[in-house]
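# Structural description and commentary
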Amino acid sequence: KAGVTQTPRYLIKTRGQQVTLSCSPISGHRSVSWYQQTPGQGLQFLFEYFSETQRNKGNFPGRFSGRQFSNSRSEMNVSTLELGDSALYLCASSASRAGYTFGSGTRLTVV
Amino acid sequence: AQSVTQLGSHVSVSEGALVLLRCNYSSSVPPYLFWYVQYPNQGLQLLLKYTTGATLVKGINGFEAEFKKSETSFHLTKPSAHMSDAAEYFCAVSDGTGGGADGLTFGKGTHLIIQP
């Protein structure tokens, strides 16, 4: 059974640019949630999508957005990048709140 | 709102000694509780989880945790530490107050150091 696939693994962007990260969940899982991990703030919940609808959103500015496609794959987008957006972005796939499987993450560096 | 507190950002134990990582939570509804481990430059791997039923939960790599509702705790233990256990450990809670899968709230993490 394939796990959660996040692409790309590493990314370097310049301040002001925008970036799109991708997450392919485990087959059959309809929920995808996104998290930002930084040394200072730890792991913070960004948003959660279920059947193409955003059901929950964390306390992040509107520059952070996402979407989910009919095949449950999800993308998150960050516009007008800031240095503070440098982080490991993790997505998690779940079939219910009883289990979350994480991908290996995308390491974003903003220079 | 749910929250998780992990006592001790760093814990150091000798190889072969007991590992105890502490986690306390707050939740307005019966929680689902998780422990994850993270190795450098990797994602999170599930060690164990409590949903319902037996309060003593056994996980991978010899870890176990006990859900104590009266103490709102979910401490992680391992009888004998191994060098390969050195990693970052995260406690997380999901209370699903919105119904279904609503994401996880994490503690700040505990860095486990194993002394030879």
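First things first, this report covers the structure right here in the doc. (Residues numbered from 1 in each chain as written. Chains lettered and ligands numbered in written order. Predicted model: local features only at pLDDT ≥ 70, side-chain atom pairs only at ≥ 80, totals over all residues. Heavy atoms only, no water.)

### A few points about the interface of chain A and chain B
Taken together, the contacts link 23 residues of chain A with 24 residues of chain B. Counting the surface lost from both chain A and chain B, the interface buries some 1,800 Å², and carbon and sulfur atoms represent 50% of this. Summed over the shared surface of chain A and chain B, the number is zero salt bridges. Applying the counting criterion to the chain A and chain B interface returns six residue pairs in polar contact (both at pLDDT 80 or more). Looking at the side of chain A that touches chain B, the elements with two or more residues in it are β4 (31–38), β5 (42–50), β6 (53–57), β9 (87–96) and β10 (99–102) of chain A. Of all the elements, β9(A) adds the most residues to the side of chain A that touches chain B, at four residues. A per-class count over the side of chain A that touches chain B returns eight nonpolar, 10 polar and five charged. (Contact = heavy atoms within 4.5 Å. Buried area = accessible area lost by both parts, 1.4 Å probe. Salt bridge = Lys/Arg side-chain N within 4 Å of Asp/Glu carboxyl O. Polar contact = N/O pair within 3.5 Å; in protein donor to acceptor, adjacent residues only side chain to side chain. Helix = DSSP H or I, 4+ residues; strand = E, 2+ residues; numbered from the N terminus. Nonpolar A, V, L, I, M, F, W, Y, C, P; charged D, E, K, R; others polar.)

### Quick look at empty space enclosed by the protein
This model, assessed by the stated rule, comprises one cavity of 30 Å³ or more. Volume-wise, the largest cavity comes out at about 30 Å³. Lining the largest cavity we find A:R9, A:Y10, A:L88, A:R107 and B:N41. Each residue belonging to the lining of the largest cavity can be placed in one class, and the counts come to two nonpolar, one polar and two charged. (1 Å grid on protein atoms, 1.4 Å probe; cavity = no way out; pocket = protein on both sides within 12 Å on 5 of 7 lines; lining within 4 Å. Points joined across faces, edges and corners; volume = space filled by probe spheres on them.)

### Here's the deal with unusual backbone geometry
Looking along the chain, the bond that leaves A:T7 and enters A:P8 is cis, with omega of -10°. Along the chain, A:P8 turns up in the loop between β1 (5–7) and β2 (10–13). Despite not being glycine, A:S51 has its phi angle at roughly 50°, a positive value. Tracing the chain through its elements places A:S51 in the loop between β5 and β6. Of the residues examined, A:S51 reaches a relative accessible area of 33% and is grouped as partly exposed. Phi angles above zero are rare outside glycine, and B:N41 is one such case at about 60°. Tracing the sequence through the fold places B:N41 in the loop between β4 (32–38) and β5 (44–50). (Buried < 20%, exposed > 50% of the residue type's maximum accessible area, 1.4 Å probe, protein only.)

### Considerations on the layout of surface pockets
Of the voids in this model, the largest pocket is the one considered here, and its volume is about 430 Å³. Lining the largest pocket are 21 residues, with A:Q37, A:P39, B:Q38, B:E88 and B:F90 sitting closest to its centre. Only β4 of chain A together with β9 (87–94) of chain B provide two or more residues apiece to the lining of the largest pocket. No other element matches β9(B), which puts three residues into the lining of the largest pocket. A breakdown of the residues in the lining of the largest pocket according to their chemical character gives seven nonpolar, 11 polar and three charged. If you add up the space inside the second largest pocket, you get close to 260 Å³.

### Brief notes about the environment of B:E15
Residue and element names in this part refer to chain B. Locating E15 in the fold gives a position in the loop between β2 (10–14) and β3 (19–26). E15 sits in the partly exposed class, given a relative accessible area of 40%. Put simply, E15 and S80 are 65 residues apart on the chain and 7.1 Å apart in space, counted from C-alpha to C-alpha. Ignoring anything within four residues of it in the chain, the contact list for E15 reads A81, H82, M83, I114, Q115 and P116.

### Things to note about the pairing of β6(A)
In the case of a regular strand, side chains alternate between the two sheet surfaces. Residue and element names in this part refer to chain A. Summarising the sheet, β5 and β6 pair through four bridges and their orientation is antiparallel. The residue bridging F47 from the neighbouring strand is K57, located in β6. In textbook terms, the turn of a hairpin is the stretch between consecutive antiparallel strands, and for β5 and β6 this stretch comprises two residues, one of which, S51, has a positive phi near 50°. (Pairing = 2+ DSSP bridges.)

### Thoughts on the nonpolar core
B:W35, B:L48, B:L76 and B:Y89 are the most contacted members of the largest nonpolar core, which has 26 residues in total. A:V19, A:C23, A:W34 and A:V78 belong to the second-largest nonpolar core, a separate cluster that totals 21 residues. (Core = buried A, V, L, I, M, F, W, Y, C linked by side-chain atoms within 4.5 Å.)

### Focus on the pairing of β9(A)
All names here are of chain A. For β9, the buried fraction is high: eight of the 10 residues fall into the buried class. Examined bridge by bridge, β4 and β9 share seven bridges and lie antiparallel to one another. Following the sheet pairing, Q36 is matched in β9 by Y89. Sheet analysis places β9 next to strand β11 (residues 106–110), joined by three bridges and oriented antiparallel. Residue pairing in the sheet places L88 in a bridge with R107 of β11. Where β9 and β10 come together, three bridges link them in antiparallel fashion.

By themselves, these observations are geometric and do not establish any function.
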